[in-house]
Structures are given as structure tokens and as C-alpha cells.
Amino acid sequence: DVKVTQSSRYLVKRTGEKVFLECVQDMDHENMFWYRQDPGLGLRLIYFSYDVKMKEKGDIPEGYSVSREKKERFSLILESASTNQTSMYLCASSLDRALTQPNTEAFFGQGTRLTVV
Amino acid sequence: AQKITQTQPGMFVQEKEAVTLDCTYDTSDPSYGLFWYKQPSSGEMIFLIYQGSYDQQNATEGRYSLNFQKARKSANLVISASQLGDSAMYFCAMREGPSGGATNKLIFGTGTLLAVQP
């Protein structure tokens with residue numbers, strides 16, 4: 001089974017802290033994604049990565065950065081946490097086979113509920 | 001820029017009836033893929049069904065089918081014979097193809113909360 005694991009299920013941090021959210025996948029997927037999920041707003045893409053050290057901004061990258069030093073690990077960094085970053089964060093991964101396997105779906109982690117106080 | 005729109009924040013359906021969840025999309029890329037995911041109250045994201053932009057037939061997976069109308073840019077999910085366990089949030093998602101600038105970028109709509117009533 002494909003497994004995407006997020007390091008924490010629940011996290012509480014103080015305003016101004018630097019926060020690291022870690023995500024690891026065990027299926028050698030090229031693509032990895034970070035989303036935040038808020039009621040009424042669905043899943044919004046923060047950043048994604050299609051290879052080691054490669055990243056692209058999603059729709060809401062402000063206040064976040066990412067790191068992908070190894071293929072299996074994709075980290076989301078909140079440089080200085082703020083209360084408006086309180087949210088559910090979801091990590092996902094997928095194969096990069098758009099030509100040969102276009103129906104390759106993304107697999108998700110269990111989510112990290114981050115509260116910034 | 002690609003965009004996914006789900007206009008139904010919530011819906012009710014009677015058990016054993018069929019229900020259609022709406023999804024429209026916007027992209028200038030001729031090659032793209034459309035996905036539906038289910039998120040029950042437990043929070044996990046469950047892949048349901050996929051439709052490719054070049055697929056000639058509508059996708060089906062068990063009780064799930066996708067009503068794909070390419071000219072209208074819509075990809076509605078049809079759930080037949082609803083069950084109580086179908087109560088969940090449903091998300092439509094789109095990935096642009098290799099000819100797009102951001103290959104494999106996957107974006108989601110705002111979701112539809114479905115409640116199946118006994």
C-alpha cells in the first residue's frame with residue numbers, strides 16, 4: 001500500500017515561531033504537494049514539487065516555504081507562524097506519468113491540524 | 001490559470017436514490033485529467049474516479065460515474081443508489097497535462113458536503 005505519513009496529527013505553536021511540517025512517502029513518487037484545507041475554501045495548493053530540490057508555487061505560497069532534499073520527504077515551513085495559518089494541512093504524492101499513466105491519482109497523508117496561538 | 005468550481009456547498013439525498021454533484025473547470029490546456037475524491041468525517045482523502053480529457057467514454061467505477069461534457073467544461077459526479085456511508089465531503093480536482101506549464105499540478109474545488117438521509 002502507498003503510504004504518505006505526516007509527522008504530526010495535531011500541533012499547537014505560538015505566533016512568530018518557525019514551524020516545520022514533515023511529510024514522507026514510501027512509493028518513490030516524483031510529485032509531492034502541500035495543501036491547506038479550510039471550511040468553505042476546500043483544498044488550496046501551497047507548494048508542490050516534481051523532483052528533488054525542485055518546487056513550484058501553488059495558489060497561496062505567501063508565508064510558507066518548502067524543502068525537498070530527498071525524494072521521499074517534502075517539508076513545509078512556516079517562517080513565522082501567524083494565527084491566520086491555523087488550519088488543516090494535507091500532504092499528497094503522486095507518480096509523474098502524465099503520458100503513460102494519466103489516471104495516476106494522488107495519495108494523501110492523514111493531515112496535520114495546526115493551531116497557532 | 002486553471003480553476004475548479006463546485007457550486008453546491010451542501011446537498012441532501014434519500015438513501016437508495018441517485019445524486020449528482022456538480023463540477024465545472026477552466027483550463028486552456030487541451031490535455032488534462034479530472035478526479036473526484038471523497039473525504040468522510042475521519043478526514044482521509046479517498047480517490048473515487050478519473051476522467052481524461054481525451055477519453056471518449058464517461059468514466060464509471062461501481063456506483064460512481066462521471067458525466068463528462070467537454071464542451072461545457074463540466075465533470076459532474078453521479079452516485080447511484082446512495083448509501084448512508086456515502087455521507088461525506090466530495091472534492092473535484094484537475095491536473096493539467098504535459099503540454100501545460102505546470103505538469104502534474106493538482107488543484108481542487110471547494111467541495112460539496114453530501115448528507116444521505118435514511
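Read on for a plain summary of the structure. (Residues numbered from 1 in each chain as written. Chains lettered and ligands numbered in written order. Predicted model: local features only at pLDDT ≥ 70, side-chain atom pairs only at ≥ 80, totals over all residues. Heavy atoms only, no water.)

1. Quick word on the pairing of strand 10 (residues 88-96) of chain B
Residues and elements named next belong to chain B.
Phase 1 of the analysis: Along strand 10, eight of the nine residues are buried, which leaves the element largely enclosed by surrounding structure.
Phase 2 of the analysis: Here strand 5 (residues 32-39) pairs with strand 10 via eight bridges, running antiparallel. Bridging from a neighbouring strand, Lys38 pairs with Tyr90 of strand 10.
Phase 3 of the analysis: With three bridges joining them, strand 10 and strand 12 (residues 112-117) adopt antiparallel strand pairing. From the neighbouring strand, Tyr90 faces strand 12, where its bridge partner is Thr112.
Phase 4 of the analysis: In terms of strand pairing, strand 10 meets strand 11 (residues 106-108) through three bridges, oriented antiparallel. (Buried < 20%, exposed > 50% of the residue type's maximum accessible area, 1.4 Å probe, protein only. Helix = DSSP H or I, 4+ residues; strand = E, 2+ residues; numbered from the N terminus. Pairing = 2+ DSSP bridges.)

2. A few points about the interface of chain B and chain A
It is common to give the size of an interface as the accessible area lost on bringing the parts into contact.
Phase 1 of the analysis: Listed per partner, the contact involves 20 residues of chain B and 25 residues of chain A.
Phase 2 of the analysis: Counting each side, the surface lost to burial between chain B and chain A is near 1,800 Å², with a carbon and sulfur contribution of 57%.
Phase 3 of the analysis: Scanning the region where chain B abuts chain A turns up one salt bridge.
Phase 4 of the analysis: Taking the shortest distance from any N to any O, the salt bridge between Asp59 of chain A and Lys105 of chain B comes out at 3.9 Å.
Phase 5 of the analysis: Applying the counting rule to chain B against chain A returns three residue pairs in polar contact (both at pLDDT 80 or more).
Phase 6 of the analysis: Secondary-structure elements contributing two or more residues to the side of chain B that touches chain A are strand 5, strand 6 (46-52), strand 10 and strand 11 of chain B.
Phase 7 of the analysis: Considered class by class, the residues forming the side of chain B that touches chain A number 11 nonpolar, seven polar and two charged. (Contact = heavy atoms within 4.5 Å. Buried area = accessible area lost by both parts, 1.4 Å probe. Salt bridge = Lys/Arg side-chain N within 4 Å of Asp/Glu carboxyl O. Polar contact = N/O pair within 3.5 Å; in protein donor to acceptor, adjacent residues only side chain to side chain. Nonpolar A, V, L, I, M, F, W, Y, C, P; charged D, E, K, R; others polar.)

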